[in-house]
Structures are given as C-alpha cells and as structure tokens.
Amino acid sequence: MTTPLLIILSGQLLLGLTAGFVMHRADFCMAGIFRDLFLFRRRTMLYALILLVLALMPLYELTRLLGLTNYPFALFGPPSYANLLGGLLFGVGMVLAGGCVVGSLYRLGGGSSLAATAVLGLILGSLLYVELDAWWGGIAKTLSFATAAITLPQLLGVPPWLPVLVSLALLTPLVAHWWRQGLLQVAFGPEGHIQPWHAALLLAGVAAVSTVLAGIPLGVTTSYAKLAGYLMLPFAPEHTASLGFFQRQGFNMIHPLFGIRLTGGGGPRLDSIALIQFPLMAGLVAGGALSALRLGELRVYFNAPLRQYLSALCGGVVMGLASRLAPACNIWHLTGGLPVLALQSILFVAGLVPGAWLGARLLTRLILKI
Amino acid sequence: MAMTEMQELVFDLRGRICPSTLLVAMKEMNGHRQELQERAVQLRLLVENRDATVTIPEMARNMGYAVSLNKVEQHYEITISATA
C-alpha cells in the first residue's frame, strides 16, 4: 500500500474515532434532532446542527480556494426528485431505527443492542436495493431535473463564495442570538458530557479534515451496500457478480491533495470507497466504545420490548433502501452537500424533515403506543 | 414499576429505544401530577441512554418539578419530585 493510501486509511480511522467519541459524549444524534423537534418542540440540537453546517461553509470554501478539494465534490450530481423521495424515506427510517447511519454505529460501540439491530437492517435494506437497482434505474432517469447544475451557485451562475457569504451574513447573527440566549447548551448532562455547540464545532472540524484527506465528504452508506455484497457472496457468488449495482464503478477522481486516482463502487471489493469508508465506520464504532469504556458505561441491554427491536430493524431496512434511492445519507448531505449548497442535498433535506415528522408519528402510534 | 416504602415509583427504562424513555417519563409525570404536587410520591427513573439524562431533567424542570441526576454504576438515576 502506498503512503497516500496509508495516510487516508489511518486518517479516516482516527477521524472516525474522534467523531464517534464526540458523538457518544454529546449524544449528537441526527435522527433525534429532527424527531425531537416534532415530538417535543426541542430545538437545542437543531440549533447545534445549524451551527455545524454554518461552520462548514467557510471551511469548505477555504479548502476550495486553496485547491485542497474539488468543486463540486465527487459523487454529487444534478438534482432529481429521487433526492426528495430518498430524503423522505430516510427520515422515516432513521426515526424508526432510533438513529441514523452514523448514530447507529457510535451507539453500537456504546453497547446498544437496538443500534446493532438497526445496523443489521441497514445491511439488509442495502441488499434489498441491490436487487431492485435495475428497476429503479429506469424510474430514476425520468425523475431528473432539466439542469446540469450540481450546486446552487452553478444554477444561479454566481461564484461559489457569494451564496456562502450571503448565508453567513444572514445566519451568523441568528446563531449569535441563540448563543447569547444560552440556547446552544443544555442545563443537565451525564458524566463526560460535551455541550451541543462544542460538539458541533468539533464535528465540523472532523468533517472538513476528512473531506480534504479523503477527497469526498463524510459518508458511510455505500459501504453498507459493500457489506451486503460480502454477505451475499458466499451464498450466491454468480448472482452477486452479475448484479449491475455491484459492477458499477461510480467513484472515479484524481485526489486533489495527493494527485492519485481513486476509483470504487458498491461491490464487495477492497477499492477506494472501502479504503475511505471502512476505517471511518470502524472508527465510529471504536470511538463510541472508547467513550463508554472510559466512563464505565459499556453494558449491553437486551430488555427492550420485541416491538422496539422490530422498529429498529424495519427502520434500518428503510434507511438502507432510501440511502441508495436518494442517493447517500444524512451525514453526506448535511455535512457535505448542504454547506456547499449542493442541489441534491437541499432536496434531500427538504424530504428528510417531513420524513422525520412521519417517522415520529409512526413511532409513537404504532411502536411505543403512547 | 415498583412502589417502595418511600412512596417512590421506580421505572427501569434501561435499554429502550429513543425517545421512549422521555415519553414514558412525561406520561408518568402527567399521570401522577396530583400525587407529585401533594408530595405523596416521587419518581425515580433508571436510564442508560445518555440523551435521556439531558432531556428528562430538562422536561421535568420545565414542568415545574425538582430534579436530581445521579450516576449509579453503569447507569443513571433521575429523581423527580415536587419543588421545595
């Protein structure tokens, strides 16, 4: 393995470890942010998420101006109604699962058997999509918008820094107001707790460094599909090899920092996607575990009602499916696409919010019955 | 749930899916509002979910109750009672 590849692998592991640790300490749960907004009108974590996105805007603009990242990032494409639909389904899934694709990983590290169930669901959902890929591919073509623009600045024909500057000018006073009102922190917290605003800034730093190091923003869902491929391989090797989704090499870019070509796809192969995402996933689990261990809180409980395990499994399946339909997940769009105003990400978030509302209603009425 | 000699209602909510801990806490705070206000009972909730140690005390305080949060071995105990 060459030095740049080793740097990417070890860097992603370390960044995943940091993110998992911080997320566990702050319980920075993306699913909870949107769910609790509708269930309890709780906005503290939403404000922290807005701070995270806002902090990433100038960071990404700086890395672009310094030539450290591509513009737009690789793997982003023109918008489609599929982004909206994918976001909607993803929102339902993450609330039913009790955590998103990243939240389930750090909680799994912390010993949550429900999170482990959600991760299993994510792999099964990805497996389901792989079988539906050919059918969905035909439909997806009809859902595209008539534009080649990938970001809002491209659509408007303005330089990328302009909307970033406008967003900062509009939102910074608002965040400053929340800060003065004490709305970016919480009054109670467990041992070792990290305040939401502090976690948001730490995670913004992790996301920016990871994007420079890996060449693409934080994301893990393609690797859930890879894990599904590895799961299928021993049982149906010929069928697995014949599937179009596993054959495609959608990722192909020259790394801006290292100048090397990175290629990969969703198939069960140790390609560049695996190099970037597998260490990140392992780091997130290890970070959650390390945090829980140091606090003496690592203990596995299996006492949740069966209905809650079924909810975690079904939510995971819906998220796994949605993350391929969308394509990609909440972390990719919220900490990668939204700060550069990628049109796919704006549509994904526009779907995610009502999806979380719908998920919250389903969770309380069908699963918790409260 | 178990009724102790101290008129304390204990709920073991460890290992539950988010946000069922907070929803159960709210349900019990509302269901025992009168007893809580009359100081006939206090609620003790056992949780392991770190989010619940933030949201339940926050909600209880907003509803006008006194709250204490203590770590006990690998989990947390939240006690909710009438304010002094």
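None of these values were measured; they are calculated from a predicted model.

A. Structural detail: the overall build of chain A. Helix and strand content of chain A: 16 helices and two strands. Seen through its C-alpha atoms, chain A measures out along the principal axes to roughly 50 × 50 × 45 Å. Per-residue burial for chain A yields a buried fraction of 54% across its 370 residues. Contacts spanning at least 24 positions in sequence make up 82% of the contacts within chain A whose residues lie at least 6 apart.

B. Representation of the interface of chain B and chain A. The partner chain A presents 29 residues to the 22 residues of chain B that form the contact. Elements represented by at least two residues in the side of chain B that touches chain A include exactly helix 1 (20–31), helix 3 (52–62) and strand 4 (65–72) of chain B. Among the elements that line the side of chain B that touches chain A, the one with the most residues is helix 3 of chain B, at five residues. Looking at the side of chain B that touches chain A residue by residue, the classes come out as nine nonpolar, five polar and eight charged.

C. Local environment of the packing of helix 1 (residues 3–26) of chain A against helix 9 (residues 196–214) of chain A. All names here are of chain A. Remark: helix 1 packs on helix 9, axes separated minimally by 10 Å, with the N-to-C direction vectors making an angle of 165°. Compared by their axis directions, helix 1 and helix 9 come out roughly antiparallel. Note that helix 1 runs across helix 9; the crossing there is left-handed. Touching Ile8, Gly11, Gln12, Leu15, Thr18, Ala19, Val22 and Ala26 of helix 1 are Pro196, Ala199, Leu202, Leu203, Val206, Val209, Ser210, Leu213 and Ala214, all from helix 9.

D. Representation of the pairing of strand 4 of chain B in the model. All names here are of chain B. Sheet topology note: the strand 4/strand 5 (residues 75–82) ladder contains eight bridges and is antiparallel. Bridged to Leu69 within strand 5 is Ile78. Joining the antiparallel neighbours strand 4 and strand 5 is a turn of two residues, in which Glu73 adopts a positive phi near 55°.

E. Local environment of the packing of helix 1 of chain A against helix 13 (residues 272–295) of chain A. All names here are of chain A. Contact geometry for helix 1 and helix 13: axes closest at 6 Å, N-to-C directions at 35°. Considering the relative orientation of helix 1 and helix 13, their crossing is right-handed. Residue composition of the contact of helix 1 with helix 13, by class: 20 nonpolar, nine polar and one charged.

F. A look at the pairing of strand 3 (residues 42–47) of chain B. Residue and element names in this part refer to chain B. Counting buried positions over the six residues of strand 3 gives five, a clear majority of the element. In the sheet, strand 3 pairs with strand 5 via five bridges, with the strands oriented antiparallel. Note on strand 5: the bridge partner recorded for Leu45 is Ile78.

G. Looking closely at helix 9 of chain A. Here helix 9 of chain A spans 26 Å end to end across 19 residues, near enough to the 27 Å set by a 1.5 Å rise per residue. Among the 19 residues of helix 9 of chain A, 14 are classified as buried, and the element is accordingly described as predominantly covered.

H. Focus on the nonpolar core. In this structure, Ala48(A), Leu51(A), Ala200(A) and Leu203(A) are the most contacted members of the largest nonpolar core, which totals 117 residues. For Leu51(A), the residues in contact, after removing those within four places along its chain, are Val175(A), Leu184(A), Trp197(A) and Ala200(A). Among the nonpolar cores identified, the runner-up in size contains 16 residues, and Leu9(B), Leu13(B), Ile78(B) and Ile80(B) belong to it.

I. Region of the structure containing the environment of Gly20(A). Residues and elements named next belong to chain A. Tracing the backbone through its elements, the reader meets Gly20 in helix 1. In this structure, the C-alpha to C-alpha distance between Gly20 and Gly266, residues 246 residues apart in sequence, is 24 Å. Sequence-distant contacts of Gly20, defined by excluding residues within four places in its chain, comprise Leu105, Tyr106, Gly109, Gly283, Leu284, Val285, Ala286, Gly287 and Gly288.

J. Structural view of unusual backbone geometry. In this model, Tyr71(A) is joined to Pro72(A) through a cis peptide bond whose omega is -10°. On the secondary structure map, Pro72(A) appears in the loop between helix 3 (44–65) and helix 4 (81–97). Cis geometry marks the peptide bond from Cys18(B) to Pro19(B); its omega dihedral reads 0°. With respect to the element layout, Pro19(B) can be found in the loop between strand 2 (8–12) and helix 1.

K. Summary view of the confidence of the model for chain B. Mean pLDDT over chain B: 91, with 93% of residues reaching 70 or higher. Both scores are available for the predicted complex, with the pTM at 0.95 and the ipTM at 0.91.

The rules behind these values
- Residues numbered from 1 in each chain as written.
- Chains lettered and ligands numbered in written order.
- Predicted model: local features only at pLDDT ≥ 70, side-chain atom pairs only at ≥ 80, totals over all residues.
- Helix = DSSP H or I, 4+ residues; strand = E, 2+ residues; numbered from the N terminus.
- Buried ≥ 20, exposed ≤ 12 C-beta atoms within 10 Å, placed from the backbone.
- Contact = placed C-beta atoms within 7 Å.
- Nonpolar A, V, L, I, M, F, W, Y, C, P; charged D, E, K, R; others polar.
- Axes fitted to C-alpha atoms, helices over the stretch in contact; angles between N-to-C directions.
- Parallel < 35°, antiparallel > 145°, perpendicular 65-115°, else oblique.
- Left-handed = near helix turned anticlockwise from the far one by under 90°.
- Pairing = 2+ DSSP bridges.
- Expected span 1.5 Å × (residues − 1).
- Core = buried A, V, L, I, M, F, W, Y, C linked by C-beta atoms within 7 Å.
- pLDDT = per-residue confidence, 0-100.

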